[in-house]
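# Reading the structure
The lines below spell out each chain.
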Amino acid sequence: MTRTIIAGVSVYDGTGTPAYDADVEIRDDIIASIRPAASHPPTDSIDGRGLVLAPGFIDAHTHDDFAVIAAPAMTAKVTQGVTTVVVGNCGISGGMNVTAHGDLPDPLVLLGAADAFRYDDFAAYAQAVDRAGPATNVVALVGHTALRARHMDALDRDATGAERMAMRADLTTALDAGAFGFSTGLAYANANAASTEEVMTLAEALRDTNALYCTHLRSEAGEIVAALDEAFAIGRHAAAPVVVSHLKCAGAPQYGRSGEILAMLETAAL
Ligand SMILES: [Zn+2]
């Protein structure tokens, strides 16, 4: 058995209660006790005075799809206290091959070079992540633009019925293999031609799964109200929780609108 005590550390326990000074005992990687800080640190303890101890942070918006495989030490994250990363945001995900119809489309290029997208399906990607053994937990979303690139020969149009069915089937298979949800980036050129109905059809895979619908909105500027309404409608259609990624009121004409936009999030009955 290994035993470690972090003494006199300021504990933020994640419940929202104010920080308190404590001696935290860890046995075999599990917190065994949290006691009020002793006036004299126990011998063989780590001196935590002046330091903060908290549960690991969740980085809810990353594009670390391949970083978790290529750089599994995840130094950039763990040194900031992050122990869980959510990947596959903004409609772009690395969990499956997307180059069947040509070059890697924008913005999938942000994740890596074409040869990084080498996994036949999400299960193969998940296995690669497991093999790499990253220092962080990995919560993976499946990207809409990735599915479009996988199943469509042109991305400047709405998907046909057959293409929608193929994409939805891929998403269902990925959810069964451990994906946590579905992301879109409708602002980007290679997803912008997708109709709301196309996205709704795919999002139907989320029903009865507790999986998330995460959206980089179709507009973060003048059309932001319509874009939020679209996201809410997709979430309602799929009976899925909606996550709005990096909410913005972009451009000078939107200055001062954050109250209006945040109120829409508060009152959305999903
Ligand atoms: Zn985004």
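In what follows, the structure referred to is the one given above.
Residues numbered from 1 in each chain as written. Predicted model: local features only at pLDDT ≥ 70, side-chain atom pairs only at ≥ 80, totals over all residues. Heavy atoms only, no water.

### Describing the pattern of salt bridges
As enumerated under the stated definition, the model contains 15 salt bridges in all. Between Lys77 and Asp64 there is a salt bridge whose closest N-O contact spans 3.0 Å. Of the two residues, Lys77 sits in helix α2 (residues 75–78) while Asp64 sits in the loop between β6 (57–59) and α1 (67–70), which places them 13 residues apart along the sequence. Each member of the pair, Lys77 as well as Asp64, is classed as buried. One salt-bridge network, held together by shared partners, links Arg3, Glu25, Arg27 and Arg35. (Salt bridge = Lys/Arg side-chain N within 4 Å of Asp/Glu carboxyl O. Helix = DSSP H or I, 4+ residues; strand = E, 2+ residues; numbered from the N terminus. Buried < 20%, exposed > 50% of the residue type's maximum accessible area, 1.4 Å probe, protein only.)

### Quick notes on the state of the cysteines
Here the structure, examined in full by the defined rule, presents 0 disulfides. The closest cysteine sulfur to the non-disulfide-bonded Cys249 is located on Cys90, 17 Å from its own sulfur. For Cys249, a relative accessible area of 24% translates into the label partly exposed. (Disulfide = S-S within 2.5 Å.)

### Topic: the packing of helix α5 (residues 161–176) against helix α7 (residues 196–203)
α7 packs onto α5 with a crossing angle of 35° between their chain directions and a minimal axis gap of 8 Å. As α5 runs across α7, the sense of the crossing is right-handed. Only Glu197, Glu198, Thr201 and Leu202 of α7 make contact with α5, whose side of the interface consists of Arg164, Met165, Met167, Arg168 and Leu171. A class-by-class count of the residues in the contact of α5 with α7 yields 4 nonpolar, 1 polar and 4 charged. (Axes fitted to C-alpha atoms, helices over the stretch in contact; angles between N-to-C directions. Left-handed = near helix turned anticlockwise from the far one by under 90°. Contact = heavy atoms within 4.5 Å. Nonpolar A, V, L, I, M, F, W, Y, C, P; charged D, E, K, R; others polar.)

### A few points about the packing of helix α4 (residues 144–151) against α7
α7 packs onto α4 with a crossing angle of 95° between their chain directions and a minimal axis gap of 12 Å. Taken as axis vectors, α4 and α7 run roughly perpendicular relative to one another. Across from His144, Leu147 and Arg148 in α4, the residues of α7 making contact are Glu198, Val199 and Leu202. Here the contact of α4 with α7 is built from residues that sort into 3 nonpolar, 1 polar and 2 charged. (Parallel < 35°, antiparallel > 145°, perpendicular 65-115°, else oblique.)

### Brief notes about the packing of aromatic side chains
Evaluation of the coordinates by the stated rule reveals 4 aromatic pairs. Between Phe66 and Phe117 the ring centres are 4.9 Å apart and the planes differ by 85°, which places this aromatic pair in the edge-to-face class. Pair noted here: Phe66 is in the loop between β6 and α1 and Phe117 is in the loop between β7 (82–87) and α3 (122–132), with a separation of 51 residues, a long-range link. Residue class for Phe66 comes out buried when judged on its relative accessible area of 10%. Where Tyr119 meets Tyr125, the ring centres are 5.8 Å apart and the plane angle is 70°; that geometry is what we call edge-to-face. (Phe/Tyr/Trp six-rings, centres within 6.5 Å; stacked < 30°, edge-to-face > 60°.)

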